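Architecture and fold: a report
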Amino acid sequence: MANQDEADQGRDKPLLRALRGEILERPPFWLMRQAGRYLPEYLEVRRQAGDFLTLCYSPDLAVEVTLQPLRRFAMDAAILFADILVVPDALGQPLNYREGEGPVLEPVRSVAELSRLDMAGLHDRLAPVYETIRRLRQELPPSTALIGFAGAPWTVATYMVEGGGSRDFATIKAWAYGDPDGFGELMALLVDATTEYLEAQAEAGAEVVQLFDTWAGALPESAFGRWCVEPVAEIVRRFRKSHPEVPVIAFPRGAGVLYAGYAQATGVAGLGLDATVPLGWAAETLQTGATLQGNLDPLMLVTGGEPMRHEIGRILETLGNGPFIFNLGHGIIPATPPDHVAELAEFVRSWRA
Ligand code: 1CP
């Protein structure tokens, strides 16, 4: 009976209800990059850890930084503290984070270079991440959902091929356009690794998983179908078979009008909207097929005050009458005053109250 009660209580978490398509009186909220450099207590733990990857692979520290924003702002969900680039790292492409420079990887740029990568060590390397999830499930308040995540194959591949962040994606596009079969081998490896990684997260206790496709907007229509939609659809198809109870959210940032049809084509339960997606269009065109999530401009959170409250109000009024999760349109930026996050939390929580 206790187990049954626990299960029922789990199902009642506001985030999970919203992802089942329920319209809640007050939409649940969480914020992409809610843990991180805008919080002084994060910077302190980050300093202790020394290296960013050490922080990701130390369950004690990763649990602590995951919980930090919840203590201040009581979001409806925690998001596992890790990074999308732990997957290439675990496939054998070592990763460095240089201060102020972001991630740096030894690039993989041909089928021959793919032989440096394999899945044999994947779960050993990622075991600390699964341990972080198990511990978080013990520690979270009963109504708070735990979100696991991975990068979508296209976005992860941009870092693997470019060797870090990129402005024009010239190298990866040269490969994908010029040798789609060869590039497809890298993408197939990422579909396999990402599916297994998400499955292991669900087994460890993740109740929702999100796929971040941060650079989806870099691709024209034809390539968008092949390299953004199809890999995510394949991951969702496999993942739903093994974990039908765990909803998937995808965030194809910058997809523009290609947001239309994306949820149907991929089978995701939740669709993350970037800050440029028009709200009325989203309510009419997208909300019939998926629970929407988003989409306050992170710079509005830096501004705060009346302009921010006005914009949050507009988002809630337009999207809050359908299945909806309030969030930002991209991650919190380091310059964000924590007081403004507190204002946002207060405003969303008291909406329609
Ligand atoms: O020095 C530091 O402390 C590192 C800063 C940092 C943090 C806090 C990085 C490096 N990653 C993270 C954590 C992180 N990254 C999380 C978990 C925390 C949370 O959401 O609360 C998540 C979900 C991510 C996801 C991530 N990493 C994405 C997708 C989402 C997005 O913001 O677009 C991407 C593209 C990355 C790559 C990455 N990792 C870190 C940086 C600086 C970058 C971006 C590099 C670039 O702009 O190209």
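Whatever comes next refers back to the structure up there.
I will try to describe carefully the structure that is included in this document. (Residues numbered from 1 in each chain as written. Predicted model: local features only at pLDDT ≥ 70, side-chain atom pairs only at ≥ 80, totals over all residues. Heavy atoms only, no water.)

1. Section: the packing of aromatic side chains
Worth spelling out the cut-off: Put simply, two rings from Phe, Tyr or Trp (the six-membered ring, in Trp's case) pair if the centres are within 6.5 Å, and we call them stacked under 30 degrees between planes, edge-to-face over 60, tilted for the rest. Comment: elements are numbered from the N terminus, with helices defined as DSSP H or I runs of at least four residues and strands as E runs of at least two. Only protein chains enter the area calculation, which uses a 1.4 Å probe; residues under 20% of their type maximum are buried, those over 50% are exposed, and those in between are partly exposed.
Applying the stated rule across the entire model yields 12 aromatic pairs. Taking the centre distance of 6.3 Å and the plane angle of 90° together, the rings of Phe212 and Phe251 count as edge-to-face. With Phe212 in strand 5 (residues 208-213) and Phe251 in strand 6 (residues 248-252), this residue pair connects regions lying 39 residues apart in the sequence. Neither residue differs from the other here; Phe212 and Phe251 are each classed as buried.

2. So, the site of the ligand
Put simply, the rule is: Being near a molecule or strand, for a residue, means having at least one of its heavy atoms within 4 Å of it. Any pair of nitrogen or oxygen atoms within 3.5 Å is treated as a polar contact; in protein, a donor-acceptor pairing is required on top of that, and neighbouring residues in sequence qualify only through side-chain atoms on both sides. Note on areas: Shrake-Rupley with a 1.4 Å probe; residue coverage comes only from the protein chains shown. Note that Gly is not counted as nonpolar here; it falls among the polar residues with everything else outside the nonpolar set of Ala, Val, Leu, Ile, Met, Phe, Trp, Tyr, Cys and Pro and the charged set of Asp, Glu, Lys and Arg.
Near the ligand you find 21 residues, and of these Tyr42, Arg46, Asp83, Tyr159 and His330 are the closest. Take Arg46: an N or O atom from its side chain is 2.7 Å from an oxygen atom of the ligand. Side-chain polar atom of Thr214 to an oxygen atom of the ligand: 2.7 Å apart, as the coordinates give it. In isolation the ligand offers 890 Å² of accessible surface; the protein chains occlude 87% of this area. Taken together, the residues of the shell around the ligand break down into 13 nonpolar, 4 polar and 4 charged.

3. Digging into the pattern of salt bridges
Put simply, the rule reads: Any carboxyl oxygen of Asp or Glu that lies within 4 Å of a side-chain nitrogen of Lys or Arg is treated as forming a salt bridge with it.
The final tally for this structure, using the stated rule, is 20 salt bridges. In this structure, the salt-bridge partner of Lys13 is Glu207, at a minimum N-O distance of 2.8 Å. A residue pair is termed long-range when its members are at least 10 positions apart, and Lys13 in the loop between helix 1 (2-11) and helix 2 (14-19) and Glu207 in the loop between helix 11 (180-204) and strand 5 qualify at 194 residues. Assessed through its relative accessible area of 9%, Glu207 is described here as buried. A salt bridge links Arg17 to Glu22; the nearest nitrogen and oxygen atoms lie 2.8 Å apart.

4. Points about the environment of Phe239
Rules: Note on contacts: a residue pair is in contact if any heavy atoms of the two residues lie within 4.5 Å.
Among the structural elements, Phe239 can be located in helix 12 (residues 221-242). Between the C-alpha atoms of Phe239 and Ala120, which are 119 residues apart in sequence, the distance is 20 Å. Once you skip the residues sitting within four places of it in the chain, Phe239 turns out to touch Thr195, Leu198, Glu199, Ala202, Val209, Pro244, Val246 and Val248.

5. With respect to helix 17 (residues 338-350)
Convention followed: The length a helix should cover is 1.5 Å for every residue beyond the first. Directions drawn from the helix axis to the C-beta atoms are what define this arc.
Counted at 1.5 Å a residue, the expected span for helix 17 with its 13 residues is 18 Å, and the 19 Å between its end C-alpha atoms agrees. Among all positions of helix 17, only Pro338, His340, Val341, Leu344, Ala345 and Val348 are buried. Along helix 17, the residues classed as buried sweep out an arc of 155° about the axis, all on the same side. The secondary structure elements touched by the buried residues of helix 17 are helix 3 (40-49), helix 5 (59-73), strand 8 (291-296), helix 15 (298-303), helix 16 (305-319) and strand 9 (324-328). Of the residues trailing helix 17, Arg352 is marked for its positive phi of about 65°.

6. Focus: the packing of helix 16 against helix 17
Helix-helix packing is described using two parameters, namely the angle between the two axes and the distance between the axes. Where we set the bar: Here an angle of 0 to 180 degrees is reported between the N-to-C directions of two axes, which are lines fitted to C-alpha atoms, with helices fitted over the stretch in contact. Note on convention: near helix rotated counterclockwise from far helix by under a right angle means a left-handed crossing. Clockwise means right-handed.
Viewed as axis vectors pointing N to C, helix 16 and helix 17 meet at an angle of 35°, and their least axial separation amounts to 11 Å. Judged by the sense of rotation from one axis to the other, the crossing of helix 16 with helix 17 is right-handed. Contact with helix 16, carried on its side by Gly305, Met308, Arg309, Ile312, Gly313 and Leu316, involves His340, Glu343, Leu344, Phe347 and Val348 of helix 17 and no other residues of that element. The residue makeup of the contact of helix 16 with helix 17, split by class, is 6 nonpolar, 3 polar and 2 charged.

7. Considering the sheet that holds strand 1 (residues 77-79)
Put simply, the test is: Criterion used throughout: strands pair if DSSP finds at least two bridges between them.
The parallel open sheet is built from 7 strands, whose spatial order is 1-4-5-6-7-8-9. Whereas interior strands pair on both sides, the edge strands pair on one side only; in this sheet they are strand 1 and strand 9. Each neighbouring strand pair of the sheet contributes to a mean axis angle of 25°, computed without reference to strand direction. Here strand 6 runs beside strand 7 (residues 270-272); their pairing, made up of 2 bridges, is parallel. Looking at the pairing, Ala250 lines up with Leu271 of strand 7. Docked against the sheet, helix 16 engages strand 8 and strand 9, running at close to 165° with respect to strand 8.

8. Describing the packing of helix 3 against helix 5
Basically, it comes down to this: Each angle receives one of four descriptions, namely roughly parallel if under 35 degrees, roughly antiparallel if over 145, roughly perpendicular if within 65 to 115, and oblique otherwise.
Helix 5 packs onto helix 3 with a crossing angle of 175° between their chain directions and a minimal axis gap of 10 Å. Between helix 3 and helix 5, the angle falls in the class roughly antiparallel. Counting all contacts with helix 3, which are made through Pro40, Glu41, Tyr42, Val45, Gln48 and Ala49, the residues of helix 5 involved are Leu61, Glu64, Val65, Gln68 and Arg72. Looking at the contact of helix 3 with helix 5 residue by residue, the classes come out as 6 nonpolar, 2 polar and 3 charged.

9. Focus on the nonpolar core
In plain terms, the rule: Remark: nonpolar core denotes a set of buried residues (Ala, Val, Leu, Ile, Met, Phe, Trp, Tyr, Cys) joined through side-chain atoms within 4.5 Å.
Of all hydrophobic cores here, the largest spans 130 residues; its most connected members are Phe183, Leu186, Phe326 and Leu344. It is helix 11 that contributes the most residues to this core, 12 residues altogether. Excluding anything up to four places from it in sequence, Leu186 contacts Leu114, Leu117, Ala157, Met160, Val161 and Trp175.

10. Concerning helix 10 (residues 170-178)
Turning to helix 10, its buried residues are Ile172, Lys173, Trp175 and Ala176. The buried side chains of helix 10 occupy one side of the element, clustering within an arc of 165° when seen end-on. Facing away from the buried side of helix 10 by over 90 degrees, the exposed positions are Ala174 and Gly178. Packed against the buried residues of helix 10 are helix 7 (111-114), helix 9 (153-162), helix 11 and helix 12.

11. Notes on the environment of Gly294
Here Gly294 lies in strand 8. Between the alpha carbons of Gly294 and Ala335 there is a distance of 20 Å; along the sequence they are 41 residues apart. Here Gly294 is in contact with Leu273, Ile315, Phe324, Ile325, Phe326, Asn327 and Leu328, once residues within four sequence places are set aside.

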